[in-house]
Amino acid sequence: MNAGRVNPWLVLVLVCLAQFMVILDATIVNVALPSIQKDLDMSESGLQWVVNAYALLFGGFLLLGGRAGDLIGRKRVFLAGLVLFTAASLLCGFANGETWLIVARGAQGLGAALVSPAALSIVTTTFREGPERAKALGVWAAIAVGGGAVGLLLGGILVETLSWPWIFFVNVPVGIATFLLSLRFVPESRDEHAHKSFDVAGAVAVTGGLIALVYGIVRSAESGWGSGEVLGILAVAVVLLAAFVFIEQRSVEPLVRLSIFSVKTVRGANVAMFVVAAGLFAMFFFNTLYVQRVLGYSPLEAGLAFLPFTLGIIIGAGLAQPLLPRLGPREVPVIGSLIGAAGLLLFLRLSPDSTYLADLLPGIMLTSIGMGLVFVPVTLIATSGVPVDDAGLASGLFNTAQQIGGALGLAVLTTLATNRTEDELSSLGREPTQADTAEALVSGFHVTWLASAILVAAGGLLLLLLVRRRDVAVVAEGEVSPVAV
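**Brief notes about the packing of helix α3 (residues 44-72) against helix α4 (residues 74-93)**
The geometry of α3 relative to α4 is characterised by a closest axis approach of 8 Å and an angle of 150° between their N-to-C directions. The pairing of α3 with α4 is recorded here as roughly antiparallel in orientation. For α3 against α4, the interelement crossing comes out right-handed. Residues Y54, G65, A68, G69, D70 and I72 of α3 form the contact with α4, whose participating residues are R74, R76, V77 and F85. Tallied by class, the residues present in the contact of α3 with α4 amount to five nonpolar, two polar and three charged.

Below, the structure written as structure tokens:
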């Protein structure tokens, strides 16, 4: 089909609908976690894989998905990703056991890794550079905020009125409709000048290594760090990650050109976001469990309880814009990370008897405003100082850092929380009551909230240490705009 005959705004609607599903699915599952845990009889350490399987496969194959779109056709990869994501959603809904659900969630993440970068590439090739593309990318960015907010609310409604499988079933009709319309109306495009090769080995090595690393951390909660099982799993992780570096150094067309990390802005922003995401993913996970398992909120009430987080992100992002030229692109995220850490520390006041307005909401608002102040400048820094040809790679790395940092952080903090809760219960010397269990859970959550606060604050300080003021001078002057995958 001739791209010139296609209404570009119709194309934007279709690819944004697909991206909306991907973003929605990252948050919609949070409010369903307690229901999933109860129905499938999952442990705390097993439950985290419902989140981490998606994040690891999404982050691990994101760059390969973008590369595949350039080589074999963005529309073709976009449609393939839609099919995989929709089919995996159906399998998630029919899951009758822990392993089934986790594998299907991983397949969803792989589908998302194909859909998301291809969709953004379709937007940038459909709209000419200038005001129209800027407007289209503005709509694209709004999807991230809107999808997250709707996911929390829709997840609560579906779980409460129907059941948790419907948070996955809802993707099926949307995915089918998007596929059929995209098949007809979305134009095909590819990079005719790109080398015709894929770094599949690199993607498999890094993803396999990260999964082994997370699994080893999770198993340490039951087997101990010194056990042969854990040491063996961690050894496999080290071998696979070392193999990834080896492959990238020798590949004709590497998944990640390692030389990009010599750019201080790229290196500093990715390290900072990796650490911040490690704290933030865990905060969502444990706060969802807290309001439902300890305070007794329904799924809908839990979804409504976290809607202010989206509002806070918007407020923080809005404040970041005028503050950047005044304070500097390094300084604003440091301030934001410290505000976010302060909000996380407020959660240490929470107990089984806490109230939403007085105890939970202040921490949510402070954390979210701080994160809004972090996300905007760090995204700008992550995509500055690189050649135009590397803009896609820099953007993909930044998104990958968020997903993988979040997954690893959640694995470590879940292990810490589980150990604290089990120690509290075992120290009772008797069968725990419901009140004892609630107290032990909150004690475990306190460990994670404290660790999350440390990680978020550390992310801002690392950015200050790794990036110099002159490295981000162009960002301060407002000459760089963010590109998000």
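**Considerations on the packing of aromatic side chains**
Between two aromatic rings, the relevant description is the distance of the centres plus the angle of the planes. Overall, the coordinates contain ten aromatic pairs when judged by the stated rule. Pairing Y290 with W449 gives two aromatic rings, centres 5.7 Å apart and planes at 80°, and the pair type is edge-to-face. Residue Y290 is located in helix α11 (residues 264-294), and its partner W449 is located in helix α17 (residues 434-466); the two are separated by 159 residues in the primary sequence. With respect to class, Y290 is no different from W449; both count as buried. Consider the rings of F347 and W449, whose centres lie 5.8 Å apart with planes at 45°: the pair is tilted. Remark: W449 occurs in helix α17 and F347 occurs in the loop between α14 (331-346) and α15 (356-382); sequence separation between them is 102 residues. Residue class for F347 comes out buried when judged on its relative accessible area of 0%. Overall, W449 belongs to the buried group, its relative accessible area being 0%.

**Section: the confidence of the model for the chain**
Chain-level statistics for the chain give a pLDDT mean of 81 and a share of 87% at 70 or above. Confidence, expressed as mean pLDDT per element, reaches its minimum in the chain at helix α18 (residues 473-476) with 55 and its maximum at α14 with 92. With pLDDT under 50 throughout, residues 478-485 is counted as low confidence; its partners more than four residues away or in other chains account for 23 contacts.

Cut-offs and rules
- Residues numbered from 1 in each chain as written.
- Predicted model: local features only at pLDDT ≥ 70, side-chain atom pairs only at ≥ 80, totals over all residues.
- Heavy atoms only, no water.
- Axes fitted to C-alpha atoms, helices over the stretch in contact; angles between N-to-C directions.
- Helix = DSSP H or I, 4+ residues; strand = E, 2+ residues; numbered from the N terminus.
- Parallel < 35°, antiparallel > 145°, perpendicular 65-115°, else oblique.
- Left-handed = near helix turned anticlockwise from the far one by under 90°.
- Contact = heavy atoms within 4.5 Å.
- Nonpolar A, V, L, I, M, F, W, Y, C, P; charged D, E, K, R; others polar.
- Phe/Tyr/Trp six-rings, centres within 6.5 Å; stacked < 30°, edge-to-face > 60°.
- Buried < 20%, exposed > 50% of the residue type's maximum accessible area, 1.4 Å probe, protein only.
- pLDDT = per-residue confidence, 0-100.

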